[in-house]
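# Coordinate inspection notes
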Amino acid sequence: MTWRPQYRSSKFRHVFGKPAVKDSCYDGVPITRSVQDNNFCAVNPRFLAVITECAGGGAFLVLSVHHTGKVDPHQPRISGHRGNVLDVKWNPFNDYCIASCSEDTTVKVWEIPPHGVLKNLTVPWKELQGHSRRVGLIEWHPTANNILFSTAYDYKVMIWNLDCPEQVIKNPVRTISHHTDVVLLCLSTRTAASSPPPARTGRSNHRAALRKPTAAQALIQQHRPNSHLRPEQADSITPQTFGSPAMTRTHISPLSLPSPAKFPHEANCKTHKASKVLFLGNLKMLFTSGTSRWNDRQFALWDQDDLSVPLLEENLDGSSGVLFPFYDPDTHMLYLAGKGDGNMRYYEIGSEKPYIHYLTEYRSHQPQKGMGVMPKRGLDVSSCEVFRFYKLVTTKSLIEPLSMIVPRRSESYQDDIYPMTAGNRPALSAEEWLSGIDKGPVLMSLKPGSQIAESYSEMGKGLGNTLDTRRSHSRPGMLQLAYIQDKLETKEGKEDGGNTEEERSWTPVSNGEDYGLCSPPKTENELRLKFHKQQEEIRRLRELLNQRDVRVTQLELEMKNMKNSQPHQGSL
């Protein structure tokens, strides 16, 4: 009989949560008192946006991620809405573009200056008018550029194409009006391009409807009046990186997948009432969090192709706060944070039974109202950080960064915990996606020194170009260095036989951090990385100066030879 160990080997067994010190938090932020079940916070490698409490309209703050410490109570805000702001989301392909929705029935898209918000912004780049009641949720398409989803209390889901010259857009490209109650949640997940993800809807009568997806435009083509989609209330909408663009969860409970089948396959599930739902990458599974029939908080795991019976159900506790699930498809880790809780549970997802493996729990005495998540390209790989939350603590008007770290002795780059991940370049344009083309996300490496696209500058229709122009003018002190770098890149391109135009347009960025916008180092590892980067830059500049010195010396010798030869010719 072969002995088998009872423990499970995993590189993430000892992941721990490390809260930031007081000086690295954002103190004095008037966080909104809204009871909406949203996260109220959005983060990218450059900026942190948080919805604030204000009188006479709605507003939200945009702070630099390095602007930690006490926040000025008179800090300029983005205050162009006439009603309370309910949700904000950053454009995944442009770190200077953010969308917001409000009780004033509008969705607005804003341009953020590269140096931050120095005065109140009231005029948006785009204004989307189409909903008749307050808009509660927005979500960007994770692979198509300039595609935005919005859901409102008029029971409609609208799809907007921002690649148009109009400043005010009144007609969405598609409208989904099958729900009969409010859409309450908007979630996004990234999957591989190997299998087209479905579009799903959930209800609260404890029944589940399943329909298989087909074409690239599953949401657009299969949410037509004759698509047999059940008209229930939606609780969430989830764009996918490939295939059909959205999943919606309704107030009454189950999940449905549209398909060309004439009738959907339905199944009953009376033991689980879901409030949140997530696609688990390319595992072909669904994760739902909600309550049991006894109102205990509960989560369940489902097979994407068979929703009749959940693969796994587990009760957590009897608290009443909504559970927010966060999934990392790169590490297959799942984080569960309850609204009003101070703790956070995290698990590892597997493809075989028992599917969900409990790792450990982060505990804190400070309850969270919402959580922002930093994209993977903004993590600190030198400290083996695999996930970072921004925890909203309303009792102290505090935003606390919380890093999830894999303990490693080596300070070098760990390839095994940082696979290729989704970058900040779109896989296709809005026109391509609307025409039916599907592509997976453009992947990038998190290894320091690797070149990634700065921020998608091929927006074409005005936003990207204007932002790039403003970026260059806002940092005049960097023009000389940029000129030298351009010359060096041109010279290297000639020696290598010439690079493509796309490669020359890329800017050296490490982990999404621009050399010109980076903050002073705060830890010894950051200081060491900055030092090595600076030494490399100095070395390149010295080589350039040495080449110039050699050329000057050659020209001086030629001039001296010419002067010496002139008197000799005169004597002849």
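Residues numbered from 1 in each chain as written. Predicted model: local features only at pLDDT ≥ 70, side-chain atom pairs only at ≥ 80, totals over all residues. Heavy atoms only, no water.

On to the overall build of the chain, then. Scanning the chain for helices and strands turns up six helices and 36 strands. The 572 residues of the chain split such that 52% are buried. Of the contacts made within the chain by residues no fewer than 6 positions apart, 62% connect residues no fewer than 24 positions apart. (Helix = DSSP H or I, 4+ residues; strand = E, 2+ residues; numbered from the N terminus. Buried < 20%, exposed > 50% of the residue type's maximum accessible area, 1.4 Å probe, protein only. Contact = heavy atoms within 4.5 Å.)

For the rest of this paragraph, the subject is the pattern of salt bridges. Scanning the model with the defined rule gives 18 salt bridges in all. One salt bridge in this structure joins lysine 339 and aspartate 37, with 3.2 Å as the shortest N-O distance. Of the two residues, lysine 339 sits in the loop between β27 (333–338) and β28 (344–349) while aspartate 37 sits in the loop between β2 (26–27) and β3 (41–43), which places them 302 residues apart along the sequence. The partner of glutamate 103 in a salt bridge is arginine 134, with the nearest N and O atoms 3.5 Å apart. Here glutamate 103 is found in the loop between β9 (97–102) and β10 (106–111), whereas its partner arginine 134 is found in the loop between β11 (126–129) and β12 (135–140), with 31 residues between them in sequence. On the basis of relative accessibility, which here comes to 32%, the residue glutamate 103 falls in the partly exposed class. One connected set of salt bridges, linked through shared partners, spans Arg297, Asp317, Asp341 and Arg345. (Salt bridge = Lys/Arg side-chain N within 4 Å of Asp/Glu carboxyl O.)

Attention now goes to the packing of aromatic side chains. Counted according to the given criterion, the structure contains 13 aromatic pairs. Taking 5.8 Å as the distance between ring centres and 20° as the angle between the ring planes, the aromatic pair formed by phenylalanine 47 and tryptophan 90 counts as stacked. On the criterion of sequence distance, the pair formed by phenylalanine 47 in strand β4 (residues 47–52) and tryptophan 90 in strand β8 (residues 85–90) is long-range, its members being 43 residues apart. The residues phenylalanine 47 and tryptophan 90 share a single accessibility class, namely buried. Each ring, one from phenylalanine 326 and one from phenylalanine 389, has its centre 5.3 Å from the other, and the planes form 75°; the classification is edge-to-face. Of this pair, phenylalanine 326 sits in strand β26 (residues 323–328) while phenylalanine 389 sits in strand β31 (residues 385–393), placing them 63 residues apart in sequence. The class of phenylalanine 326 is buried, set by a relative accessible area of 9%. Looking at phenylalanine 389, the relative accessible area reads 0%, which means it is buried. Taken together, Phe326, Tyr335, Tyr346, Phe387 and Phe389 form an aromatic cluster joined through their ring pairs. Against the face of tryptophan 125 rests lysine 126, its NZ or CZ located 5.1 Å from the ring centre. Across the ring face of tyrosine 153, the terminal group of arginine 134 is positioned such that the distance to the ring centre comes to 4.1 Å. (Phe/Tyr/Trp six-rings, centres within 6.5 Å; stacked < 30°, edge-to-face > 60°. Lys NZ or Arg CZ within 6 Å of the ring centre and 35° of its normal.)

Turning our attention to the sheet that holds β3. Spatially, the four strands line up as an open sheet ordered β3-β4-β5-β7, and their pairing is antiparallel. Here the strands that pair on one side only, and so sit at the sheet edges, are β3 and β7 (78–81). Strand-to-strand twist across the sheet, computed as the mean angle between neighbouring axes with direction ignored, equals 20°. Where β3 and β4 come together, three bridges link them in antiparallel fashion. Looking at the pairing, valine 43 lines up with leucine 48 of β4. (Pairing = 2+ DSSP bridges. Axes fitted to C-alpha atoms, helices over the stretch in contact; angles between N-to-C directions.)

This part is about the sheet that holds strand β13 (residues 147–152). Judged by pairing direction, the sheet is antiparallel, and its four strands sit side by side in the order β12-β13-β14-β16 without closing on themselves. Two strands lie at the open edges of the sheet, namely β12 and β16 (174–176), each paired on one side alone. Pairwise comparison of adjacent strand axes, ignoring direction, gives a mean angle of 20° for this sheet. Relative to β13, β12 is paired through five bridges, and the arrangement is antiparallel. Within β13, the residue paired with isoleucine 138 across the bridge is serine 150.

We now examine the nonpolar core. Generally speaking, nonpolar side chains in soluble globular proteins are found buried as a group. Core analysis: the biggest nonpolar cluster contains 33 residues, and Tyr26, Phe60, Val62, Ile112 and Ile399 have the highest contact counts within it. Those elements that place two or more of their residues in this core are β3, β4, β5 (58–64), β8 and β31. Examining the composition of this core, we find that five residues originate from one element, β4, more than from any other. Apart from residues lying up to four places away in sequence, valine 62 is in contact with Phe47, Leu48, Ala49, Ile78, Trp90, Ile112 and Val117. Met344, Val381, Phe387 and Tyr418 belong to the second largest nonpolar core, which has 25 residues in total. (Core = buried A, V, L, I, M, F, W, Y, C linked by side-chain atoms within 4.5 Å.)

Before going further, it helps to examine unusual backbone geometry. For the bond running from lysine 353 to proline 354, omega is 5°, close enough to zero to count as cis. Unusually for a residue other than glycine, threonine 105 sits at a positive phi of about 75°.

Positionally, valine 21 belongs in the loop between β1 (16–19) and β2. Distance from valine 21 to leucine 402, taken between C-alpha atoms, is 9.8 Å for residues 381 residues apart in sequence.

So, about the pairing of strand β32 (residues 398–405). Burial within β32 is extensive, with eight of its eight residues counted as buried. Alternating positions in β32 separate into two faces, Leu398, Glu400, Leu402 and Met404 on one and Ile399, Pro401, Ser403 and Ile405 on the other, with burial throughout. Bridge analysis of β2 against β32 gives two bridges, and the strand direction is antiparallel. Considered in β32, the bridge of tyrosine 26 is made with isoleucine 399. Where β31 and β32 come together, eight bridges link them in antiparallel fashion. Counted as the bridge partner of tyrosine 390 is proline 401 from β32. In sequence, β31 turns back onto β32 through a hairpin of four residues, with serine 397 there showing a positive phi of about 50°.

A separate point is the confidence of the model for the chain. Summing up the model confidence of the chain, the mean pLDDT is 75 and the portion of residues at 70 or higher is 69%. The low-confidence segment residues 241–245 (pLDDT under 50) makes 38 contacts with residues lying over four places distant or belonging to another chain. (pLDDT = per-residue confidence, 0-100.)

All right, on to the side chain of lysine 89 then. By the element assignment, lysine 89 lies in strand β8. Side chain to side chain, lysine 89 and aspartate 87 meet in a polar contact 3.4 Å long. Only 3.0 Å separates the side chain of lysine 89 from the backbone oxygen of isoleucine 138, close enough to count as a polar contact. (Polar contact = N/O pair within 3.5 Å; in protein donor to acceptor, adjacent residues only side chain to side chain.)

Let us look at the side chain of histidine 141. With respect to the helices and strands, histidine 141 occurs in the loop between β12 and β13. Take histidine 141: its relative accessible area is 1%, and that puts it in the buried class. Side-chain polar atoms of histidine 141 contact the backbone nitrogen of threonine 143, separated by 3.1 Å. A polar side-chain atom of histidine 141 sits 3.0 Å from the main-chain amide nitrogen of alanine 144.

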